[in-house]
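Summary of the model geometry
Below are the chains, spelled out letter by letter.
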Amino acid sequence: MQNHIRARSILIIATLVGLTLATPAFGYIGPGAGFAIVSSLGVILWTMFLAMLTLLVWPIRWVIRSIRGRRAFARAKIRRLVILGLDGMEPSLVDRYMAEGKMPNLKRLKEKGCYKLLGTTTPPLSPVAWSSFLTGVNPGKHNIYDFLNSDRRTYLPNLSSVSIHAPTKSFRIGKYTIPLNKPEIRLLRKGKPFWNTLGEHGIFTSVIRVPITFPPERCRGVVLSAMCVPDLRGTQGLFAFYSTRDDHAQERTGGEQVRVRREGDTIRAELIGPENSVKEGTGNARVPFTVRIAKDNRTATLEIGGEKHALRPNAYTDWITVRFKMGPGATVTGICRFMLVRIEPEFELYVTPINLDPEKPALPISFPAAYSPYLSKRFGPFATLGLAEDTWALNEQLIDDDAFLEQCNSIDAEREEQFFDALDNTPQGLVVCVFDGTDRIQHMFWRYLEDEHPAHPRNLIGAAYKTSPHEKTIEEHYARMDALVGETMQRVAKNDDTMLMVISDHGFSPFRRGLDLNAWLIENGYMTLKPTSDGAPNKFLAQVDWANTKAYALGLAGMFINQKGRESQGIVEAGDESERLKREIIQKLTRLVDPKSQEIAIVRVQDKLVAYQGPFTDTAPDLIIGYNRGYRVSWETAIGTITDGVFHDNTKAWSGDHCIDPDLIPGILFCTHKVTSVSPRLMDLGPTALSLFGVDVPKNMDGRALEVTV
């Protein structure tokens, strides 16, 4: 019973913290939707009522749950299961570094328990893979097939995992619009997380930053959301770059470049915040700031929100809270970090995307709602953006490798505090935490592992390139993750009834060459462009002549048939005609050869009816492309921009990826106990957790409980 009290204490603490953090305004951010502000008095009174009710009924609930808690473990083989996710950890690198003595803790875990390859999903993309992990089902049952999906009415890309809409009811008072209902934030991922099933049987869980958990679902425990949590402007991460350079009008993927003027030692600018839909005609809310440059031109001081912060070149500030005034008594807060890139000859200042403030989040990012403020109060501000590491600022060469790496390491350090706090407060039950740094660092630094990679600095700048310390960045990060595993092993060793699993959702591969699938469709007569562009932008498939197009590609993994009755301008009849077309494209694309290297670029193309089973296959791409190692869909295809060639060298910093055939890129599974099952899969881990706690595996799960020696 003492352990049960400890496990529940975090929820009580979080509730009490919530009493002290009643905020004057809550809001919703969504592209084009702006902010919805609700009454501050109503929020405070409702928060106080819920907190008092919790305190009054807690003794009764404690007695009931204590009795239920004892029953919960009656059939359990273990008392606690800890799953440590290292997103994208690649088996071939793990094998190499273990053999070289650079990952001693994982080697010890292998020798003590087991180490196996872990089958991933089709396609092996993080949102797809982690959705199968947490639901135990194939994508046909959880409805996530990519980061993006095609809107069949407009042919525009949509975020695949969440739908966000502004309030539908409001009233006006002069120039102000006051909403009467809440915005709709709907999780598009289907299926029940296996920890919710555990909760129904009295098992407590702590879930820290597992992808595709936004918005957070109710459970018997705590959840901190991850991938697809937006920034304060409603995007998946929009940085700002302030510069005196003349190229201020250049379009920047993933961010905005703002032209500023230096007047003596002073630069004045504005931080652009969310759209203000409360006050008519206001546009985006803004916070002014001033940078004052020191006389020696080496350092500067940032003045924002009545506070001063020291700026040094290539050094980040701490998280800075920024407050955007939306209307009388209504303020929305976010957090961001500033980095002075240089002062001369041109002034350049980088600002991270404005994250939701974890202490006063404008959107629900945790369950219970007070869990995020609890973590913020305990450890300080932390990144809340789903994809918090700013890969596009590095791709656009606005920050350098060192600045990006510092982001990754600092975010991992924040995650570590949260993970160990969850371990301390969950002495029995389930703890799951996912670290993203492995994935992000491999995406951006894989170019240093291969001398022949088109993005290797030696191939971009020639003889001017000197040996870089970043040639060992991936190796050093693997060593840091091994140290994290070692610390986790030490902590869980104190409890003999704890099982530890270390997993990755997929491996990693070089991304040397990209394929423009829409250019291939044009070459092969399946897509036609309009005779003239008529000024249409060359992205989002805007130049496509849909009346003469049979198929199109969008997103990172799939191709769609332009089907009549499904797409708004479809021409291919459903049934036999569509099936014949799919077979024809599969035959032509499979084992497609790169004319430059003579390598096979595509090893397999799957029909969705073969790859998936379930009630949600209608939303899946019709064909799923399985690329060979070294290849991936081109950057242009992902957003519907059409180029004049099929194959392109990838020279961006984003030089490694995992959007390839799933058989070529398994993940890893380490365990403190022997796993005797052959060919374990990521979707098997949820059923395995249920079985270990003595809970029957639901019949709708596709995964199977692995045989584990306990």
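Thresholds applied
Positions within a chain are numbered from 1, following the residues in the order the chain's sequence is written. Totals for whole chains, interfaces and linings use all residues, but because this is a predicted model, local features are given only for residues with pLDDT of at least 70 and pairs of side-chain atoms are given and counted only at 80 or more. Hydrogen atoms and water are omitted, and side-chain values are computed over all heavy atoms in the structure. Elements are defined by DSSP. Helices are runs of H or I of four residues or more, strands are runs of E of two residues or more, and each kind is numbered from the N terminus. Using a 1.4 Å probe on the protein chains alone, a residue whose accessible area is under 20% of its type maximum counts as buried, one over 50% counts as exposed, and one in between counts as partly exposed. Under this definition, polar contacts are N or O atom pairs within 3.5 Å; protein pairs additionally need one hydrogen-donor-capable and one acceptor-capable atom, and for neighbouring residues in sequence, both atoms have to be side-chain atoms. By definition, residues are in contact when any of their heavy atoms lie within 4.5 Å. Each Phe, Tyr or Trp ring (for Trp, its six-membered ring) is paired with any other whose centre lies within 6.5 Å, and the angle between the two planes then decides the class: stacked below 30 degrees, edge-to-face above 60, tilted in between. Charge-over-ring contacts are defined here by two conditions on Lys NZ or Arg CZ: a distance within 6 Å of the ring centre and an angle within 35 degrees of the ring normal. Here the rule is simple: two strands pair whenever DSSP picks up at least two bridges between them. Fitted lines through C-alpha atoms give the axes, limited to the stretch in contact for helices. The angle between two N-to-C directions lies from 0 to 180 degrees. Each angle receives one of four descriptions, namely roughly parallel if under 35 degrees, roughly antiparallel if over 145, roughly perpendicular if within 65 to 115, and oblique otherwise. Side-chain classes follow a simple rule in which Ala, Val, Leu, Ile, Met, Phe, Trp, Tyr, Cys and Pro form the nonpolar group, Asp, Glu, Lys and Arg form the charged group, and the remainder, Gly included, forms the polar group. Salt bridge, as used here, is a side-chain nitrogen of Lys or Arg placed within 4 Å of a carboxyl oxygen of Asp or Glu.

With that settled, the discussion passes to the side chain of Thr426. Looking at the secondary structure, you find Thr426 in the loop between helix H10 (401-425) and strand S24 (429-435). Given a relative accessible area of 0%, Thr426 falls into the buried group. Side chain to side chain, Thr426 and Ser206 meet in a polar contact 2.7 Å long. Apart from the residues lying within four places of it in its own chain, the contact partners of Thr426 are Arg80, Phe204, Ser206 and Val431.

Moving on to the packing of aromatic side chains. Under the criterion given, the structure shown has 26 aromatic pairs. Here Tyr155 and Tyr552 contribute two aromatic rings whose centre-to-centre distance is 5.4 Å and whose plane-to-plane angle is 75°, an arrangement assigned as edge-to-face. Highlighted residues: Tyr155 in the loop between strand S3 (148-150) and strand S4 (157-159) and Tyr552 in strand S27 (residues 551-554), separated in sequence by 397 residues. Here Tyr155 and Tyr552 have matching classes, each one buried. Relative to Phe445, the ring of Phe404 has its centre 6.2 Å away and its plane inclined at 40°; by these criteria the two rings are tilted. One end of the pair, Phe404, is in helix H10; the other, Phe445, is in helix H11 (residues 437-445), with 41 residues separating them in the sequence. Overall, the relative accessible area of 0% leaves Phe404 in the buried class. A residue is classified by how much of its surface remains accessible, and Phe445, at 0% relative accessible area, is buried. Its guanidinium or amino end placed over the ring of Phe73, Arg79 lies 4.3 Å from that ring's centre, counting from NZ or CZ. Over the aromatic face of Phe445 sits the side chain of Arg447, whose NZ or CZ is 5.7 Å from the ring centroid.

Read across the sheet, three strands follow the order S18-S19-S22 without closing on themselves; strand pairing throughout is antiparallel. Edge positions in the sheet fall to strand S18 (320-327) and strand S22 (355-356), since each of these pairs with one other strand and no more. Here strand S19 (residues 330-336) pairs with S22 via two bridges, running antiparallel. For Gly334, the partnering residue across the bridge sits in S22 and is Leu356.

Okay, the sheet that holds strand S12 (residues 255-259) next. Taken in spatial order, the four strands of this open sheet run S12-S11-S21-S20, and their pairing is mixed. Each edge of the open sheet carries a strand with a single partner, namely S12 and strand S20 (338-342). On average, adjacent strands in this sheet sit at an angle of 20° to one another, irrespective of strand direction. With four bridges joining them, S20 and strand S21 (residues 348-351) adopt antiparallel strand pairing. Across the sheet, residue Phe338 finds its bridge partner in S21, namely Val351.

We now examine helix H5 (residues 126-135). Taking burial as the measure, the ten residues of H5 include ten buried ones, the bulk of the element. Within two residues after H5, Gly136 carries a phi angle of roughly 75°, on the positive side.

Across the interface, helix H3 (residues 91-99) lies against helix H13 (residues 473-492) with an axial gap of 11 Å and an inter-helix angle of 75°. Relative to H13, H3 is oriented roughly perpendicular. Each of Leu93, Val94 and Tyr97 in H3 lies in contact with H13, whose residues at this interface are Ile474, Glu475 and Tyr478. Partitioning the contact of H3 with H13 into residue classes produces five nonpolar, no polar and one charged.

Our next topic: the environment of Gly237. With respect to the helices, strands and loops of the structure, Gly237 is situated in the loop between strand S10 (221-224) and strand S11 (239-243). Here the alpha-carbon distance between Gly237 and Thr391, two residues 154 residues apart in the chain, equals 9.6 Å. For Gly237, the residues in contact, after removing those within four places along its chain, are Asp231, Gly254, Pro353 and Leu385.

On to the environment of Val351. Within the secondary structure, Val351 sits in strand S21. For the pair Val351 and Leu340, spaced eleven residues apart in sequence, the C-alpha to C-alpha distance is 8.8 Å. Non-local contacts of Val351, meaning those with residues more than four positions away in its chain, are made with Phe239, Ala240, Tyr242, Leu271, Cys336, Arg337 and Phe338.

All right, on to the pattern of salt bridges then. A complete count under the given rule lists 45 salt bridges for this structure. One salt bridge connects Glu217 with Arg189, and the closest N-O pair in it is separated by 2.8 Å. One end of the pair, Glu217, is in the loop between strand S9 (205-208) and S10; the other, Arg189, is in the loop between strand S8 (184-187) and helix H7 (194-200), and 28 residues separate them in sequence. Residue classification places Arg189 among the buried positions, given a relative accessible area of 3%. Note that Arg259 and Asp246 form a salt bridge whose closest N and O atoms lie 3.2 Å from each other. Of this pair, Arg259 sits in strand S12 while Asp246 is found in the loop between S11 and S12, placing the two residues 13 residues apart along the sequence. Residue Arg259 is classed as partly exposed on the basis of its relative accessible area of 37%.

As a further point, take the packing of helix H8 (residues 371-379) against H10. Look at H8 against H10: their axes get within 11 Å of each other, and the N-to-C directions meet at 110°. Overall, the two elements H8 and H10 adopt an arrangement that is roughly perpendicular. Along its contact with H8, which presents Tyr374, Leu375, Arg378 and Phe379, the element H10 presents Glu417, Gln418, Asp421 and Asn425. For the contact of H8 with H10, the residue count by class is three nonpolar, two polar and three charged.

Turning our eyes to something else, we now look at the environment of Met339. Among the structural elements, Met339 can be located in strand S20. Considered as a pair, Met339 and Pro313 are 26 residues apart in the sequence and their alpha carbons are 7.0 Å apart. Ignoring sequence-local partners within four residues, the contact set of Met339 consists of Asn314, Ala315, Tyr316, Glu348, Leu349, Tyr350, Ile399 and Ala403.

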